[in-house]
Amino acid sequence: METQKTQKVHRSTFKNISEMEKALGTELGLSPWSIMDEKRINTFAKTTEDEQWIHIDKEKSEKYSPYKTTIAHGFMILSLASRFSYDTLTIESVKMGVNYGVDRVRFTSATPSGGFVRGRVSLIECEKKEGSAKYKLGITVELKGQEKPVCVAETLAIAYE
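In this report, the structure presented in the accompanying data block is examined. (Residues numbered from 1 in each chain as written. Predicted model: local features only at pLDDT ≥ 70, side-chain atom pairs only at ≥ 80, totals over all residues. Heavy atoms only, no water.)

The next thing to look at is the overall build of the protein. What the protein contains, in helices and strands, is six helices and eight strands. The order of helices and strands in the protein, counted from the N terminus, is β-α-β-β-α-α-α-α-α-β-β-β-β-β. Residue burial in the protein is summarised as follows: out of 161 residues, 40% are buried. Restricting to contacts in the protein with at least 6 residues of sequence separation, those with at least 24 account for 70%. (Helix = DSSP H or I, 4+ residues; strand = E, 2+ residues; numbered from the N terminus. Buried < 20%, exposed > 50% of the residue type's maximum accessible area, 1.4 Å probe, protein only. Contact = heavy atoms within 4.5 Å.)

Turning next to the packing of aromatic side chains. Following the criterion strictly, the structure yields two aromatic pairs and no others. Ring plane angle 75 degrees and centroid distance 6.3 Å describe the contact between Trp 53 and Tyr 64, whose orientation is recorded as edge-to-face. Of this pair, Trp 53 sits in helix α3 (residues 53-56) while Tyr 64 sits in helix α4 (residues 58-64), and the two are 11 residues apart along the sequence. With centroids separated by 5.8 Å and ring planes inclined at 75 degrees, the aromatic side chains of Phe 75 and Phe 107 adopt a geometry described as edge-to-face. With Phe 75 in helix α5 (residues 74-79) and Phe 107 in strand β5 (residues 96-107), this residue pair connects regions lying 32 residues apart in the sequence. Judged by relative accessible area, which is 37%, Phe 107 ranks as partly exposed. Here the basic side chain of Lys 144 rests over the ring of Phe 116, its NZ or CZ set 5.3 Å away from the ring centre. (Phe/Tyr/Trp six-rings, centres within 6.5 Å; stacked < 30°, edge-to-face > 60°. Lys NZ or Arg CZ within 6 Å of the ring centre and 35° of its normal.)

When you line up the elements, Lys 134 lands in strand β7 (residues 132-143). The spacing of Lys 134 and Lys 39 is 95 residues in sequence and 36 Å in space, taken between C-alpha atoms.

A few words on the side chain of Ser 12. With respect to the element layout, Ser 12 can be found in strand β1 (residues 12-14). When residues no more than four places from it in sequence are discounted, the contact partners of Ser 12 are Glu 27, Leu 28, Thr 88, Leu 89 and Thr 90.

In this section: the pattern of salt bridges. Counted by the stated rule, this structure contains nine salt bridges. Between Asp 103 and Lys 136 there is a salt bridge, and its shortest N-O distance comes to 2.5 Å. Of this pair, Asp 103 sits in strand β5 while Lys 136 is found in strand β7, placing the two residues 33 residues apart along the sequence. You can call Asp 103 partly exposed: its relative accessible area is 37%. Where Lys 136 meets Glu 125, a salt bridge forms, and the shortest distance between an N and an O atom there is 3.5 Å. Residue Lys 136 is found in strand β7, and its partner Glu 125 is found in strand β6 (residues 115-129); the two are separated by 11 residues along the sequence. Judged by relative accessible area, Lys 136 falls into the buried class, the value being 7%. Several salt bridges share partner residues, and in doing so they unite Asp 103, Arg 104, Glu 125, Lys 136 and Glu 154 into one network. (Salt bridge = Lys/Arg side-chain N within 4 Å of Asp/Glu carboxyl O.)

We now examine the pairing of β6. As defined by bridge partners, strand β2 (residues 27-30) adjoins β6 across three bridges and the pair is classed as antiparallel. Along β6, the bridge assignment pairs Leu 30 with Arg 120. Where strand β3 (residues 34-36) meets β6, three bridges bridge the pair, whose relative direction is antiparallel. The partner of Ile 35 across the bridge, within β6, is Phe 116. Following β6, the chain reverses through two residues before pairing antiparallel with β7; Gly 131 in that reversal takes a positive phi of roughly 75 degrees. (Pairing = 2+ DSSP bridges.)

Below, the discussion takes up a nonpolar patch on the surface. Judged by side-chain polarity, Phe 75, Val 102, Val 105 and Phe 107 come together as a nonpolar surface patch covering roughly 360 Å² of accessible area. Here the nonpolar patch takes three residues from β5, the largest share from any one element. For Val 105, the location among the structural elements is in strand β5. (Patch = residues over 30% accessible without salt bridge, like charges linked within 9 Å, V, L, I, M, F, W, Y side chains within 5 Å. Areas by Shrake-Rupley, 256 points an atom, 1.4 Å probe, with all protein chains shown as cover.)

Okay, structure coming up:
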């Protein structure tokens, strides 16, 4: 029997890494919805010098895109992983955290301009060491009104107490 996922925004707060370790395999949190508006998409396009028509040209997108609107860059969606982690996880004893990469990522659908996204975060792995831990978070980026996520990723981080 499949359990129903909560739709309520929530976060996990742990006193220390040892406490977080006990949450292995569980959902840590669900971030609030965030709009992916055209201004945000255009700013990302200019910053990354990736100004493809599918992202910035509304008229051309209405005519040629299967989504009939511009869409967010896949890497723009992935760049939100750190924010989703921040919104859903706190380890009180940690003095410094370092996000250092992505282990796996799949972009399963597009994020149209005007869409709302949020991150569902879970703890996949946690390897505790003296005064630190290396851990892996599973992040599913959901699109409001769609059952299929727009991105599924596993991110890597180190926390120092």
